[in-house]
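Residues per chain are reported as follows:
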Amino acid sequence: LNKYNRATQTFARFIPDVNNKSSLLSGDIMAIHQDRLGVLWIGAKNGGLNKLDGSTNIITSFNLESLTPSEYSVTAIFEDEQEVLWLGTSKGFYSLNKERTSFSHHEISSEQPGDVLVYSIIEEQTETGRSLWLGMTAGGIVKYIPSSGLSARHSSQGGNQNMLRGNRVWSMCKDKNGMLWLGTDQGLNIFNTKKEKFTFVGHTPDKPGALSAHQIL
């Protein structure tokens, strides 16, 4: 992890140090998020969830239930409007409460071995309530409703042109019209969540102005 100082135009490096309990356990950083209080949360491969105090540069690592930080990875971090942290981990989908004192595990639709990693998380507010969209490693996207715990999955299904193209969803963002833009291993998908319809933009080698590659990170 590198912290940039604009005034001095220099970097401070945070690296694993077995002799320092306030250091990272892993240098393989997979997710970074700054919450509403300015706290920096860091997800690492085989290094768990970490919190960086910007004033002291001290790093605190968190156990996940009975797991030590070196026993799990964090691939996505998102803070919702209620200041709850949502975490994609190698052990499933978790949340950390507003007080940052306890974790909760959340079951999601058709959670299978090898498909428990959440790469990206987006919150959506609608007339019917609040939901989270989760981009998965190999299972498309999942709509999760925190109030009920219900979830529904959208995945690539054969040649159906109105379905998601590419089940590995690495990145997501929401535009001002509420459309979800999904970067997958097959190209770019634009998802109308109200109509539940996908528009696909793929790589066409011989077409000028087309996407330059299939994989969107």
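These numbers come from a predicted model, not from an experiment.

**Some words on the pattern of salt bridges**
Okay, so step 1: Overall, the coordinates contain six salt bridges when judged by the stated rule.
Okay, so step 2: With its nearest N and O atoms 3.5 Å apart, the salt bridge here joins E81 to R36. Taken together, the residues span a long stretch of sequence, with E81 in the loop between β7 (74-79) and β8 (85-89) and R36 in the loop between β3 (29-34) and β4 (40-44) at a distance of 45 residues.
Okay, so step 3: A salt bridge links R100 to E79, with the nearest nitrogen and oxygen atoms 3.4 Å apart. With R100 in the loop between β9 (92-96) and β10 (103-106) and E79 in strand β7, this pair connects stretches of sequence that are 21 residues apart.
Okay, so step 4: For E79, a relative accessible area of 7% translates into the label buried.
Okay, so step 5: Taken together, the shared-partner salt bridges in this structure form one network comprising D35, R36, E79, E81 and R100.

**Examining the pairing of β8**
The side chains of a regular strand alternate between both faces of the sheet.
Okay, so step 1: Most of β8 sits out of view: five of its five residues are buried.
Okay, so step 2: Burial of β8 is two-sided: the residues L85, L87 and T89 facing one way and the residues W86 and G88 facing the other way are all buried.
Okay, so step 3: In this structure, β7 lies alongside β8, joined through five bridges in antiparallel fashion. Of the residues in β8, the one forming a bridge with F78 is W86.
Okay, so step 4: Between the antiparallel neighbours β7 and β8 lie five residues, among them E83 with a positive phi of about 70°.
Okay, so step 5: Where β8 meets β9, five bridges bridge the pair, whose relative direction is antiparallel. Residue pairing in the sheet places G88 in a bridge with F93 of β9.
Okay, so step 6: Linking β8 back to β9 in an antiparallel pair, the connection comprises two residues.

**What to know about the side chain of T193**
Okay, so step 1: By the element assignment, T193 lies in the loop between β17 (188-192) and β18 (197-201).
Okay, so step 2: A distance of 2.6 Å separates polar atoms of two side chains, one belonging to T193 and the other to E124.
Okay, so step 3: Ignoring anything within four residues of it in the chain, the contact list for T193 reads E124, W133, G178 and L180.

**Things to note about unusual backbone geometry**
One can expect most non-glycine residues to show negative phi and most peptide bonds to be in trans.
Okay, so step 1: Here the phi dihedral of N46 falls at roughly 55°; this positive angle occurs in a residue that is not glycine.
Okay, so step 2: For N46, the location among the structural elements is in the loop between β4 and β5 (48-53).
Okay, so step 3: Backbone geometry at E196 places phi at a positive 55°, although glycine is not the residue there.
Okay, so step 4: With respect to the helices, strands and loops of the structure, E196 is situated in the loop between β17 and β18.

**Digging into the confidence of the model for the chain**
Okay, so step 1: Per-residue confidence for the chain gives a mean pLDDT of 88, with 94% of residues at or over 70.
Okay, so step 2: Ranking the helices and strands of the chain by mean pLDDT puts β4 first, with 97, and strand β14 (residues 151-154) last, with 84.

**A short note on the side chain of E79**
Okay, so step 1: A distance of 3.0 Å separates the side chain of E79 from the backbone nitrogen of R36, its partner in a polar contact.
Okay, so step 2: A polar contact of 3.4 Å, which involves the side chain of E79, links it to the side chain of R100.
Okay, so step 3: Those residues within four positions of E79 in sequence are excluded, and the remaining contacts are H33, Q34, D35, R36, V84, L85 and R100.

**Quick word on the packing of aromatic side chains**
Okay, so step 1: Following the criterion strictly, the structure yields seven aromatic pairs and no others.
Okay, so step 2: Here the aromatic rings of F191 and F198 are separated by 4.1 Å at their centres, their planes lie at 10°, and the arrangement is stacked. The exposure classification of F191 matches that of F198, with both residues buried.
Okay, so step 3: A connected cluster of aromatic rings, assembled from ring pairs, spans W86, F93 and Y144.

**As for the sheet that holds β4**
Okay, so step 1: Taken in spatial order, the four strands of this open sheet run β3-β4-β5-β6, and their pairing is antiparallel. At either margin of the open sheet sits one strand with a lone partner, and together these are β3 and β6 (58-62). Here the average twist between neighbouring strands, direction ignored, is 25°.
Okay, so step 2: Where β4 meets β5, five bridges bridge the pair, whose relative direction is antiparallel. Counted as the bridge partner of A44 is G48 from β5.

Basis of the calculations
Residues numbered from 1 in each chain as written. Predicted model: local features only at pLDDT ≥ 70, side-chain atom pairs only at ≥ 80, totals over all residues. Heavy atoms only, no water. Salt bridge = Lys/Arg side-chain N within 4 Å of Asp/Glu carboxyl O. Helix = DSSP H or I, 4+ residues; strand = E, 2+ residues; numbered from the N terminus. Buried < 20%, exposed > 50% of the residue type's maximum accessible area, 1.4 Å probe, protein only. Pairing = 2+ DSSP bridges. Polar contact = N/O pair within 3.5 Å; in protein donor to acceptor, adjacent residues only side chain to side chain. Contact = heavy atoms within 4.5 Å. pLDDT = per-residue confidence, 0-100. Phe/Tyr/Trp six-rings, centres within 6.5 Å; stacked < 30°, edge-to-face > 60°. Axes fitted to C-alpha atoms, helices over the stretch in contact; angles between N-to-C directions.

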